[in-house]
Structures are given as C-alpha cells and as structure tokens.
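# Overview (structure and organization)
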2 protein chains.
Amino acid sequence: MEVTTANKENAGAFACVWLWFKDLFEKSRSKVVEVAREAKTLGRDDPRRIIHSLKVGLAITLVSMFYYFDTLYQGFGISAMWAVITVVVVFEFSVGATLGKGLNRGIATFLAGFLGVGAHRLASLSTERSEPILLGLSVFVLAAAVTFLRFFPKMKARYDYGLLIFMLTFCLVCVSGYRDDEVLDIAHQRLSTILIGGAAAVLICIFICPVWAGSDLHNLIATNLEHLGNFQEGFGDEYFIKSGDNKSSLQGYKSVLNSKSTEESLANFAKWEPRHGRFKYRHPWDQYLKIGTLTRQCAYRIEALNNYLDSEIQAPLEIRVKIQESCTKMSSESSYALKELALAIRTMIRPSTVNAHIANSKIAAINVKSLLKTGLWQDTDLMDGNTNCHSCFNTYRCCRLH
Amino acid sequence: MEVTTANKENAGAFACVWLWFKDLFEKSRSKVVEVAREAKTLGRDDPRRIIHSLKVGLAITLVSMFYYFDTLYQGFGISAMWAVITVVVVFEFSVGATLGKGLNRGIATFLAGFLGVGAHRLASLSTERSEPILLGLSVFVLAAAVTFLRFFPKMKARYDYGLLIFMLTFCLVCVSGYRDDEVLDIAHQRLSTILIGGAAAVLICIFICPVWAGSDLHNLIATNLEHLGNFQEGFGDEYFIKSGDNKSSLQGYKSVLNSKSTEESLANFAKWEPRHGRFKYRHPWDQYLKIGTLTRQCAYRIEALNNYLDSEIQAPLEIRVKIQESCTKMSSESSYALKELALAIRTMIRPSTVNAHIANSKIAAINVKSLLKTGLWQDTDLMDGNTNCHSCFNTYRCCRLH
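From a predicted model like this one, the values you see are computed outputs, not experimental measurements.

### Some remarks on the overall build of chain A
Per the secondary structure count, chain A includes 16 helices and zero strands. Out of the 402 residues belonging to chain A, those deemed buried represent 51%. In chain A, of all internal contacts separated by at least 6 residues, the share reaching a separation of at least 24 is 78%. Carbon together with sulfur atoms contributes 63% to the accessible area of chain A, which is approximately 19800 Å² in total.

Shown next as structure tokens:
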C-alpha cells in the first residue's frame, strides 16, 4: 500500500516536472518564433539592414587580420586593438554617419594627441612632486570645459562624438605619459591604427552597397508629401460617403507628425557625405528641413481634420449635400498638387501643373465659402487645409532644389 | 621722387596689412563675445550643466589617480586606461543615462569576455593553421548577428550601447587571445578596471547634485500641460479683443508639438533609476508617455486654433459679439482644468475641482453651439479643443499616477 502511494507521488512529481519542462520549452519556442518573425519583418522592410550587418562583420574580420599575420603584427603590436575598436564604434548604417564619426574620431585624436604630448612636456619641466598635480589640473580643466562645450546645440549636432574622443585621448595621453616615457610612440601608434580602422570602415561603407543618408532624406520628404496627398485624396469620399471606420490609407500622415528628429539627424549625416548620384557636394540639405517643417504644419491641420472625421459633431445632412461637389473638388485638387510636388522632389524636375491645381483648389474653396455663407456656415478646417497646401507650394518654389 | 612713391606704396601695403589684422582681430573678438554670451545663457538656463561639467572633470581626475600612485598602478598597469575610458564614455547628464550605460557596459563586457575566452579555447584545440580561420569566422558571425540585433526597436531603445560593447569586447578578447596567451588576465583586468571606472562615474553622478531623468520627465509633462492651459487662458482675449500680433505667452505650446523624442528618451533613462525622492523603483514611467501623447494631440488642435487666429478668414463681427461670453468662458474653464491637472501631476495630489471645470466648460460649449445654431453657424475648432481637454483628463484619471 505504502509503496503504491510513494510510486504515485513519484509519478505525480515526475509529471509536474515534465509539465514544467514542456511549458518552458513551449514558451521559449514561441519566443524564438516571435523573434524570428520580427527579424524577418525587419529584413524584408529594408534589406539594406542585412547587408549592413554583413558589411560590419566583414570590416571587423578584415581589420583583425592585423593579429593573424606576423608581418602586420610586428609593426603595431598591442595597438592593433585600436583598429578593431575604431571599426566597431565608427561603422554606422549610413555613409554620412560613418564619415562623420570617422572624421570626428580621426581629427579629435590627432588634435588631442598633439595637445596631450604638449601638456606632458610642459608638466615634465616642473619638479617631480608638482608634475602629477599639474597633469591632474590640466585634465580636470580640459574635461570640464569640453563637457560644457558639448551642451552647445551646434556642437552637439555635428561634433559631439569628436569632443568626446578629444577629451578621451587628451586624458589618456596626458596620464599615460606620466608612466610611459614613450608618449610620442603611444600617440603615434594610436593615431595610425585609428586611421587604419577608420579608413577600413569608411571604404567598406562607401564601396559595398552604400546607404546614403542624403537619398534617404530626399525620399522621406517626398514620401511625407505623398502621405498628405493620400489623405486629401481620400478625405472627400470618407467625409461624404462615410464607410464607418477610417481607412488605413488615410492614416499614413500620422508618421509625418513626429518626423522632426529623423529629418534633422538625416540632414546632419547628409552634410558629411561626398557627391553621390544626383546630389552634389553642397546640396542644400537645410532646405529639406524647411520643407519638412511646412509638411509637418500641414500634417497638424490634417490631424485636426481627421479628428473631425471621427467626432460626433457633424454638419447637418442638407449642408453636406450642398457642399459635397465643391468640397471634394477642393480636396482632390490639393491632393493632385501635393502629389505632383512629391513627384517633382523625387525626380528633381520642375513641376508644371501645380499652379493650375492650386488655382482650381482655390476656386473650389471660394465656392464652398460662398455656399456656406448663403447658409451662414463656414468650415474653417477645410479652408485651412487648402491655405496650407498653398504655403507648402510657395516654400517649394523658394527652395529651388533643382 | 621714386623713393617717395616706394615709401607711399610701402605705407599703403602696411596700412592694408594693418587693416586686415584689425579686421581679423575685431571678428575673432566678436566671435569670442558671442560664444561667451551663449555659454552664459546655457549656464543660466540650467545651472546643472555647469555642475555636470565639474563632476565629469572630478571623476576623470579621480580615476587617473591610478597612474600617479605606485601602489595602485602596480595592480593594473596599462589596463588602468580602461578606467579612464569608461568614465569619459559612461558619464552622462542624468543618473538614469549614466546607470544605463554603466550597466550595459559592465554586463556586456562580462558576457563577451566569458564568450570570447570560450571561443579562444575552442579554437586553440584545432590545428595551428585552422585556428585563425575559426577565430575569424566566429568574429564575423557574431559581429553580423549583433549588428542586426541592434535594428530591433526594443533592443535599440535600451540595450544599444550594451550590444556595441558586447561585440567590441568579444572581438578584442577573441583576437588578442591569438597573440597573447594570457587571455584570462586580459579579460579579467579589462573587466575590473571597467567596473572601477563605471562605479566611479555612477557614484559621483548619484551622490553629487544628481540630475534625475525621472524628475525631468515628471516636470516636462506638467510644464507641457501648463503651456496648453496658458494658450487656452489667453485665447479668448486674443480672439475677441485682438491686439494685432500673437502674444508670446500663447506660443509656449509650440515646444509641445515636437516633444516626443525627448519624452521617450527621458522615460528610457528613468527606467534605469533607483528609488529617489517621491518616485518609487517601479514608478509607472510609461503612463507619462501616454499623457504626453494626449498632450501632443491637444497641441495639434491648438496649433490649428492658433493658425485660425492668424488667418484672414474670420467670423463676422455680429456673431463674434454674440458668442464672446460663452466662448471665453469655455476657453478659460478648459484652461483652469488643464492647469489644475498640471499642478496635480507636479504635486502628486489628486485634483479636486477639475471635474467641475470640465463640466462648466462643457456647458459653455453647449451654449456656444446653440447660439451658433440659431445663426446656423458652428465653430468646430473650439469644440474640438474642449473635447480634447476632456480626453486628456480621462487619461489622467486612468493613469493613476498617485
């Protein structure tokens, strides 16, 4: 009897453990499947991500050759690690970001090495007791000053990484010098391995399937205008022939609302890039930011319009029927204008019929207004959307991107 | 005669050079004055910036003590530089950012060191010829995989720096191991100096005038609500008693429009922070993001309203006079509600009269609506602003921040 109970208990415990393992296995399997699915989506959405990963692997493997071949290793020794570190840290997704980081790192290392050696020489002129105090003081002052400099918005935008590396190298050279009398050798080896690593990263980044931040910015600005155009295109149907839920094609503009930081960082990267494709060296990247700001302003109004679609406060049916034709016309003409502007940016060909569409849209807007006035009614939002589309166009003309 | 000409020419050239120098001097003087003024503004706007700079200087100077004292230097030797590097790289403005980077760096170094030593041991079991090939292959595969992992949005948000350091350390340990048989020593020394540097940075960051990202987020959300309240407060006067240009107090909401990235990074940092002040360890930081999103949606509508202030399309005077009282009431009651919500967030005390203000505002809105209906007129924007203020309040109640 007792044996059977013990057996049963054992079997119960075993079943428990078995269930726990099975549960754990199931959970981790579903987790792995989930991650794999996400990875697949990430790769399909932008295959350049997979290529970028392979490029980074290639660059690091190439640079680590320093260690494998005796002839190469003899020249640099332990300093070869700076080449590996530089590749890992500098290699970014776009050419602009990589070049920016590489140049920042190279120039900052050079300047800081120079200054560090100088500070070390000056300090070594003093007595042995005051040397560490002088070195410590110069490290403190420089580190505090450079850290404060990083708060300047202009510095932060373009030279943040350079300032960090400047501080780092100065401190390293300055303090290592106290221990190692071959300061010049250290500075020299560090600089040359960083240059080699940086060059490897930049060359692989530029010559194997390059990702240009400038092109990305160019396409982003055009796509954002298209999103606004899509909304304007669908707005008439959605408002007058309500299909219940908002269509998903109308929701594209939402990504425009928060595009500011992406646009700014892309423009910053683009400024580092050399001439490529249709973009010259001093392509007016800042003008894209101006168009981006106007596009966002337009998107804010479209957001207000979209909320209006969902809200319960609606105009009476008789008024809606009255203005349907003019209103749809106004909206679709704005849409044509926006989409043509987007196409013009994309192809860099001066748009020809935008003025006509804007004029048509304005006429339709005046019609709507007079129709509403006869009923003492006015729909400000619709007018606003139209006004803004026009201001968008004006900037576009000002920008003279081609 | 000739001599005089030559003299004159000399004098002319001298004057030219003198003017050029004077010009250069003037320019650089004005540049220096400009930079000094900007630095003063930066320091006055947020004195914590100056303190932060001094803290960084102090931390680096402390860590560089490793080099000055013989007893300390004997233990670590050249590896002491990793402590300096870690402080420079890890020390960020807020406690959360510093802790996040420090933990990422520490844990990533530990894991990668472990894995790197393992890979090195495995490779050294093979023949001498295949060893570099095996090592190179593992470096390539790991670098590519980790680089791809950095594209996952969740990883990017919290562990981006850790993944970078993981890749870096693995490659370094793996390849250095090929040359230096004291791999374990390298890994161990690197890890311990990084821990020392990280600890110095984190301790100084926390115990000397700490800057908490969580408090900053808390205040930012409250300030943003206040900006919206200020607009609503001034809107009635501005619309009905037009003073020409928009007052600057009405423009505060503009900073809310693009606050998304700031809020998200602050929330990410805040999650790393320990219990501090009125914030517990697992304070619901994500709820702040929800309030932030709703605040922005409200700001989009206010932007539309503000454009309406500037636009030429205005309601006829007789209608404006008719709705002035109710409209101003609606707007000011919304303002009271928003400002009380802001104060409630700031003080973490449940608001008492918000419901009453919202109800008053709704009554005023119904009044405006009925007044407009008698004239067949409806001002959607004003209604929208009110609806949104109410939705803001609802979320606030849902969030249960206290």
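### Regarding the interface of chain B and chain A
Contact residues are listed per partner, giving 72 residues for chain B and 72 residues for chain A. Taken together, both faces of the contact between chain B and chain A bury some 7000 Å²; the carbon and sulfur share is 70%. For the interface between chain B and chain A, the tally reads zero salt bridges. At the surface where chain B touches chain A, the tally comes to two residue pairs in polar contact (both at pLDDT 80 or more). Classifying every residue of the side of chain B that touches chain A by side-chain character gives 44 nonpolar, 17 polar and eleven charged.

### Examining the domain arrangement of chain A
Residue and element names in this part refer to chain A. Parsing chain A into structural domains produces domain 1 (51-207) and domain 2 (213-401). On the side of domain 2, seven residues touch domain 1, which itself brings eleven residues to the contact. Here domain 1 meets domain 2 over a buried area of about 820 Å², counting both sides, of which 67% is carbon and sulfur. One can count zero salt bridges joining domain 1 with domain 2. Taken together, the links from domain 1 to domain 2 amount to one residue pair in polar contact (both at pLDDT 80 or more). Mapped by element, the contributors of at least two residues to the side of domain 1 that touches domain 2 are α6 (95-125) and α8 (153-179). If you tally residues by element for the side of domain 1 that touches domain 2, the top one is α6, at seven residues. Considered class by class, the residues forming the side of domain 1 that touches domain 2 number six nonpolar, four polar and one charged.

### Some thoughts on unusual backbone geometry
The phi dihedral of Met348(A) is positive, around 60 degrees, even though this residue is not glycine. Here Met348(A) shows up in the loop between α14 (317-347) and α15 (354-374).

### Let's talk about the relation of the copies chain B and chain A
With an axial shift of 0.1 Å and an RMSD of 0.1 Å, the rotation relating chain B to chain A amounts to 180 degrees. The transformation relating the two chain copies, once decomposed into turn and shift, fits a two-fold axis.

### Here's the deal with the nonpolar core
Grouped together as the largest cluster of nonpolar side chains are 101 residues, with contacts concentrated most on Ile60(A) and Ile60(B). The contact partners of Ile60(A), leaving out residues within four places of it in the chain, are Val84(A), Val87(A), Val88(A), Val139(B), Ala143(B), Met167(B) and Cys171(B). One finds Trp285(A), Tyr300(A), Ala364(A) and Met330(B) within the second-largest nonpolar core, a separate group that totals 85 residues.

### Section: a nonpolar patch on the surface
Residue and element names in this part refer to chain A. Taken together, Leu 58, Leu 62, Leu 203, Phe 207 and Ile 208 make up a surface patch of nonpolar side chains, about 470 Å² in accessible area. Elements supplying a minimum of two residues to the nonpolar patch: α2 (48-63) and α9 (183-207). Along the chain, the position of Ile 208 falls in the loop between α9 and α10 (213-240).

### What to know about the pattern of salt bridges
Throughout the structure, instances matching the rule amount to 26 salt bridges over all chains. When the shortest N-O distance is used, the salt bridge between Glu303(A) and Lys254(A) registers 3.3 Å. Here the residue Glu303(A) occupies a position in helix α13 (residues 285-310), and Lys254(A) occupies one in helix α11 (residues 254-257), the gap between them amounting to 49 residues. For Glu303(A), a relative accessible area of 1% puts it in the buried group. One salt bridge connects Glu264(B) with Lys260(B), and the closest N-O pair in it is separated by 3.7 Å. Separated by four residues within a single helix, Glu264(B) and Lys260(B) lie in helix α12 (residues 260-270), roughly one turn from each other. One continuous salt-bridge network, built from bridges that share partners, spans Asp46(A), Arg48(A) and Asp216(A).

### Quick word on the packing of aromatic side chains
Summed over all chains, the structure comprises 22 aromatic pairs over all chains. Each ring, one from Phe151(A) and one from Phe93(B), has its centre 5.4 Å from the other, and the planes form 75 degrees; the classification is edge-to-face. Highlighted residues: Phe151(A) in the loop between α7 (130-149) and α8 and Phe93(B) in the loop between α5 (80-90) and α6 (95-125), drawn from two different chains. For Phe151(A), a relative accessible area of 19% translates into the label buried. By relative accessible area, Phe93(B) is classed as partly exposed at 21%. Ring centres of Phe148(B) and Phe152(B) lie 6.2 Å apart, and the angle between their planes is 85 degrees; on these two criteria the pair is classed as edge-to-face. Phe152(B) shares its class with Phe148(B); the two are buried. Sitting over the ring of Tyr161(B), Lys101(B) keeps its end group 4.8 Å from the ring centre.

The rules behind each value
In every chain, residue numbers begin from 1 and rise along the written sequence. Chains carry letters and ligands carry numbers; both start at the beginning, A for chains and 1 for ligands, and go up in the order they are written. Residue-level local features of this predicted model are given only where pLDDT is at least 70; pairs of side-chain atoms are given and counted only at 80 or more, and the full residue set underlies all totals for whole chains, interfaces and linings. Computation of side-chain values covers all heavy atoms of the structure but excludes hydrogens and water. A run of H or I in DSSP counts as a helix once it spans at least four residues, and a run of E counts as a strand once it spans at least two, with each numbered from the N terminus. Summary of the burial criterion: residues with accessible area below 20% of their type's maximum are buried, those above 50% are exposed, and those between are partly exposed, where the area comes from a 1.4 Å probe applied to protein chains only. Should any heavy atoms of two residues lie within 4.5 Å, those residues are counted as being in contact. Areas reported as accessible are Shrake-Rupley estimates using a 1.4 Å probe. Residue values count occlusion only from the protein chains shown. Here the buried area means the combined drop in accessible surface, using a 1.4 Å probe, for two parts upon being joined, counting both sides. One speaks of a salt bridge when a side-chain nitrogen belonging to Lys or Arg is within 4 Å of a carboxyl oxygen belonging to Asp or Glu. Identification of polar contacts relies on pairs of N or O atoms within 3.5 Å, with a donor-acceptor requirement for protein atoms, meaning one able to donate a hydrogen and the other able to accept it, and with residues adjacent in sequence counted only if both atoms are side-chain atoms. Polar here means any residue outside two lists: the nonpolar Ala, Val, Leu, Ile, Met, Phe, Trp, Tyr, Cys and Pro, and the charged Asp, Glu, Lys and Arg; Gly therefore counts as polar. Per the annotation, domain bounds derive from an automatic or database assignment of domains. Superposition of the copies used a least-squares fit over C-alpha atoms from residues whose pLDDT is at least 70 in both. The criterion is simple. A nonpolar core is a set of buried Ala, Val, Leu, Ile, Met, Phe, Trp, Tyr and Cys residues joined through side-chain atoms within 4.5 Å. Like charges are joined within 9 Å and nonpolar side chains (Val, Leu, Ile, Met, Phe, Trp, Tyr) within 5 Å, but only among residues with over 30% relative accessible area and no salt bridge; these make up the patches. Here a pair means two rings of Phe, Tyr or Trp (six-membered ring of Trp) with centres within 6.5 Å. Their orientation is stacked below 30 degrees between planes, edge-to-face above 60, and tilted elsewhere. Comment: the charge-over-ring label is applied if NZ (Lys) or CZ (Arg) is within 6 Å of the ring centre and within 35 degrees of the ring normal.

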